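Survey of secondary and tertiary structure
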Amino acid sequence: MKRDKNYDLIVVGAGPAGMTAGMYGARSGLKALVIEKGISGGLSNEAPEIENYPGFMRVGGMELAEKMKEQASEYVEIKELEKVKTIETRGKENGENVLVVTEKGSYVTKTAIISTGTKHRKLGAIGEDEFLGRGISYCATCDGFFFRDKPVIVVGGGDSAVREALYLKNIGCVVTLIHRRDKLRAEPYLQNKLEEAGVPVLWNSVVNEIKGDKAVRSVVKYDKKKEIENELPIEGVFISVGEEPVNDLAAQIGIKCDKNGYIIADKNQRTNIERAYAAGDITGGVRQVVVACAEGAIAATSAYNDLLETNQRDLPLDERPRERLAKYGAEALGEEKVKING
Ligand code: NAP
C-alpha cells in the first residue's frame, strides 16, 4: 500500500456535489483529489430524466453525470472504484491534517469535503433481501428493461417513485404504483404526468411480503383502509421509498448530524469540525442536483478561503489546471487565481 500522498483538498464522493467541489477546488489552485467508491454520479445516475437542471430541457441522469465528470476531470483527478475505509483528523503535532485511508492507499489532506450522499431506504417487507436482483430493484433505469410487457409495481409516493413509474410505463411495463397514504408526496407536475400516463395507483396500501421461487411471482398487499390483505401476481418490484444519509465517515471524525442523520453544515458548508465541509444530499434539505452542485462549489470555496487564511497565498497550482492554463491561457483559470499562484 502506498502511503500518505499529500493534498490540499480531498473530496469524498463523486456525485454532482463532489465533482463540482473538486472542480472548484482545483480551479482555485488547490491540490485536489476526488475519491469515489463506485462510479461518478452517485444516485443521479439512476434518475431516468431530469427536467429541472438549468440549461437542459431534459437530460438523463447518467448523461448529465457523464458530462459533469468529463468537465470536472479537466481539472481534478477523480479516483473511482476506490472506497474510503477510514478518515481521521490529526492533531497539531501532525500538522492538523486529515488522514484518508482507502482500500488502495492513504492520503493526507489539509481539508476534506464529505459528499457521500444517500442510499436507498429499504421497504422492510418480507422477501426484500431474498429477491433482490431476482425481481426486486431500487432502480428502474438500471433494471426496467428486463420487465417490458410484464406486471410490475413501484412502491412509494415521492418524486422518485413517480418518475420510476413513468419511466417503466414508457418502456412498456404494465405498471401500478402502490402508496401507503391517500396523497402523493411528489410534486404536482409529476402527479399530473402520472395521471396523464394512466398509471393506476393503489392507495392506502402497503406491501407486506414479496413472494416467488427463482424470481418474484407475487406481492402480498394490505389495504389499510379496507383492512384487507390480498396477493397480486407481479414479476417486478421497484422500491422507491426514500433515501438515508451515508454518514459513517462523517461520524468517524465527529461531524455533527441532525436527528435524521444528515450532516449539519452552515451556509458556507462548514461543519462543526475545522476544515471539514459537507455538500450535496448528505446535508439533507432540498435534494436536487442543482443544489448539490451549488453546495459543492461553496464548500470548495470555503476550503480555499480557510487555507488562504492559514497558509498565506502560496498554494501550488494543481497539475491539471496548469495544463489547462497552458492550453487555454490565463482566462481559463480566472485572473485572480493566476495572480495568487504565480
Ligand atoms: P421522498 O420524497 O422521501 O419520498 C419517499 C416516499 O416513500 C414517500 O411517499 C413515503 O411515504 C414513502 N415511504 C417511505 N417509507 C416507506 C415505507 N416503509 N413503506 C412505504 N412507503 C414508504 O423520497 P424520494 O422520492 O426518493 O425523493 C428524495 C428527494 O429527492 C426529495 O427531496 C425529492 O424532491 C428529490 N427528488 C426530486 C426529483 C425531481 O424530479 N425533482 C426526482 C427524484 C427525487 P409518505 O409520503 O407517506 O411519507
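In this report, the structure presented in the accompanying data block is examined. (Residues numbered from 1 in each chain as written. Predicted model: local features only at pLDDT ≥ 70, side-chain atom pairs only at ≥ 80, totals over all residues. Heavy atoms only, no water.)

**Some thoughts on the overall build of the protein chain**
Stated formally: Think of it this way: any DSSP run of H or I at least four residues long counts as a helix, any run of E at least two long counts as a strand, and we number them from the N terminus. Two residues form a contact once any of their heavy atoms are found within 4.5 Å. For the accessible areas, the method is Shrake-Rupley and the probe is 1.4 Å, while residue cover comes only from the protein chains on display.
Regarding its fold elements, the protein chain presents nine helices and 17 strands. Long-range pairs, those at least 24 residues apart, make up 61% of the contacts in the protein chain between residues at least 6 apart in sequence. Total accessible area on the protein chain is roughly 17,000 Å²; 49% of this is exposed by carbon and sulfur atoms.

**Examining the side chain of N204**
Defined as follows: The buried label goes to any residue with under 20% of its type's maximum accessible area, the exposed label to any with over 50%, and the partly exposed label to all in between, with areas taken from a 1.4 Å probe on protein chains only. The term polar contact refers here to a pair of N or O atoms within 3.5 Å; inside protein, the definition further demands a hydrogen-donor-capable atom paired with an acceptor-capable atom, and it admits residues adjacent in sequence only when both atoms are side-chain atoms.
Here N204 is to be found in the loop between β11 (201-202) and β12 (205-212). For N204, a relative accessible area of 16% corresponds to the buried category. A distance of 3.3 Å separates a polar side-chain atom of N204 from the backbone nitrogen of D182. Residues contacting N204, with those up to four places away along its chain left out, are H179, R180, R181, D182, Y222, D223, K224 and K225.

**Describing the state of the cysteines**
Using the following cut-off: Two cysteine sulfurs form a disulfide in these notes if their separation is within 2.5 Å.
In the structure shown here, the tally under the stated rule is one disulfide. Put simply, C139 and C142 are joined by a disulfide, and their sulfur atoms are 2.0 Å apart. Torsion about the S-S bond of the C139 and C142 cystine: about 75°, corresponding to right-handed handedness. On the basis of relative accessibility, which here comes to 4%, the residue C139 falls in the buried class. Under the relative-accessibility criterion, C142 is labelled partly exposed at 44%.

**Looking at the packing of helix α1 (residues 16-27) against helix α2 (residues 61-73)**
The condition is simple: Angles run from 0 to 180 degrees between N-to-C directions of axes, and those axes are lines fitted to C-alpha atoms, restricted for helices to the stretch in contact. Each angle receives one of four descriptions, namely roughly parallel if under 35 degrees, roughly antiparallel if over 145, roughly perpendicular if within 65 to 115, and oblique otherwise. For a crossing to be left-handed, the near helix must be turned anticlockwise from the far one by less than a right angle; the clockwise case is right-handed. Under the scheme applied, nonpolar residues are Ala, Val, Leu, Ile, Met, Phe, Trp, Tyr, Cys and Pro; charged residues are Asp, Glu, Lys and Arg; polar residues are all the others, including Gly.
Viewed as axis vectors pointing N to C, α1 and α2 meet at an angle of 20°, and their least axial separation amounts to 9 Å. Between α1 and α2, the angle falls in the class roughly parallel. The hand of the α1/α2 crossing is left-handed. Contact with α1, carried on its side by P16, M19 and M23, involves A65, M68, K69, Q71 and A72 of α2 and no other residues of that element. In terms of residue class, the contact of α1 with α2 is made up of six nonpolar, one polar and one charged.

**Describing the site of the ligand**
We apply this condition: Here a residue counts as near a molecule or strand whenever at least one of its heavy atoms sits within 4 Å of it. For the domain bounds, the source is a domain assignment made automatically or taken from a database.
Neighbouring the ligand are 19 residues, the closest being D159, S160, R163, R181 and R185. For the ligand, an oxygen atom lies 2.8 Å from a polar atom in the side chain of S160. One of the side-chain N or O atoms of R185 is found 2.6 Å from an oxygen atom in the ligand. It is helix α4 (residues 159-170) that contributes the most residues to the shell around the ligand, three residues altogether. Per-class residue counts for the shell around the ligand are two nonpolar, nine polar and eight charged. Here the shell around the ligand gathers at least three residues from each of two domains, domain 1 (2-119 + 243-331) and domain 2 (122-239).

**Re unusual backbone geometry**
Although it is not a glycine, L81 adopts a positive phi angle of roughly 55°. Phi at N204 takes a positive value of approximately 50°, unusual for a residue other than glycine.

**A closer look at the pattern of salt bridges**
To keep things clear, this is the line we draw: Salt bridges are defined by distance alone: a side-chain nitrogen of Lys or Arg within 4 Å of a carboxyl oxygen of Asp or Glu.
One pass over the full model with this rule turns up 13 salt bridges. The partner of R58 in a salt bridge is E51, and the shortest N-O contact between them spans 3.6 Å. Look at R58 and you get partly exposed, because its relative accessible area is 49%. R217 is the partner of D213 in a salt bridge, and the nearest nitrogen-oxygen pair spans 3.3 Å.

**Topic: α4**
Short version of the rule: Here, expected helix span is obtained from the residue count minus one, scaled by 1.5 Å.
The terminal C-alpha atoms of α4 lie 16 Å apart, and with twelve residues this matches the ideal 16 Å at 1.5 Å per residue to within 8%. When we look at burial in α4, the residues that qualify are A161, V162, R163, E164, A165, L166 and L168. Its buried side turned inward, α4 meets α3 (140-143), β9 (151-155), β10 (174-178), α5 (188-197) and β15 (236-239). The first or second residue beyond α4 is G172, which carries a positive phi of 105°.

**Considering the sheet that holds β12**
Rules: When DSSP locates at least two bridges between a pair of strands, those strands are taken to pair.
Overall, antiparallel pairing links the three strands, which are arranged β12-β13-β14 in an open sheet. Of all strands in the sheet, those with a lone pairing partner are β12 and β14 (228-233), marking the two edges. Across the sheet, the axes of successive neighbouring strands diverge by a mean angle of 25°, strand direction being ignored. Bridging between β12 and strand β13 (residues 216-223) involves seven bridges; their strand directions are antiparallel. Bridging across to β13, G212 finds its partner in V216.

**Some details on the sheet that holds β15**
Hydrogen bonds along the backbone pair up the strands of a sheet, which may run parallel or antiparallel. Strand order across the open sheet formed by five strands is β8-β15-β9-β10-β11, with parallel pairing between neighbours. The two strands at the open ends of the sheet, each matched to only one other strand, are β8 (136-137) and β11. Taken together, the five bridges between β9 and β10 define a ladder with parallel strand orientation. In the sheet register, V152 faces β10, and the bridge partner there is V175.

**Considerations on the packing of α4 against α5**
Their axes nearest at 10 Å, the elements α4 and α5 cross at an angle of 30°. Taken together, the axes of α4 and α5 lie roughly parallel to each other. Crossing angle aside, the handedness with which α4 passes α5 is left-handed. Across the interface between the two elements, D159, V162, R163, A165, L166 and K169 from α4 touch L190, K193, L194 and A197 from α5. Split by residue class, the contact of α4 with α5 holds six nonpolar, no polar and four charged.

Any link to function would need more than the numbers given here.
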